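Results of the structural survey
The primary structure of each chain is shown beneath.
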Amino acid sequence: FKNTPLNDSVRHKHDAVSTYIRHHFQRKKLRGGLLVLPGCQAAVGFLTAAFEGDLEGVHRFVDNGVTVNGPDYDGRTALHLA
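A brief look at the structure comes next. (Residues numbered from 1 in each chain as written. Predicted model: local features only at pLDDT ≥ 70, side-chain atom pairs only at ≥ 80, totals over all residues. Heavy atoms only, no water.)

**Comments concerning the pattern of salt bridges**
Stated precisely, the cut-off is as follows: What makes a salt bridge here is a side-chain nitrogen of Lys or Arg within 4 Å of a carboxyl oxygen of Asp or Glu, nothing more. When a residue's accessible area, from a 1.4 Å probe over protein chains only, is under 20% of the maximum for its type it is buried; when over 50% it is exposed; and in between it is partly exposed.
In this structure the tally under the stated criterion is five salt bridges. Between Asp72 and Arg76 there is a salt bridge whose closest N-O contact spans 2.8 Å. Looking at Asp72, the relative accessible area reads 8%, which means it is buried. We note a salt bridge from Asp74 to Arg76, for which the minimum N-O separation is 3.5 Å. Counted as one network, the salt bridges with shared partners bring together Asp15, Glu56 and Arg60.

This is the structure:
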């Protein structure tokens, strides 16, 4: 499914796990400590949170490296949908 532990922890709202994973990668200077979902899944999740006014969800995606200007499958950004 091309998921990583970080991807799963963000999608399932396990913020403490996401924070631990990010800090582990930073501390060890390893690559892969950013949220990378196949296709535009990260952008869609972020845009959905913005559309629904889910500030906690918006923070969750931004804290895990999702770009705020990332477009969805129709080229819309969070600013279009907020």
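**Points about the environment of Arg11**
In plain terms, the rule: Each helix is a run of DSSP H or I of at least 4 residues and each strand a run of E of at least 2, with the numbering of both proceeding from the N terminus.
With respect to the helices and strands, Arg11 occurs in helix α1 (residues 5–11). On the basis of relative accessibility, which here comes to 36%, the residue Arg11 falls in the partly exposed class. With 46 residues separating them along the chain, Arg11 and Gly57 place their C-alpha atoms 9.5 Å apart.

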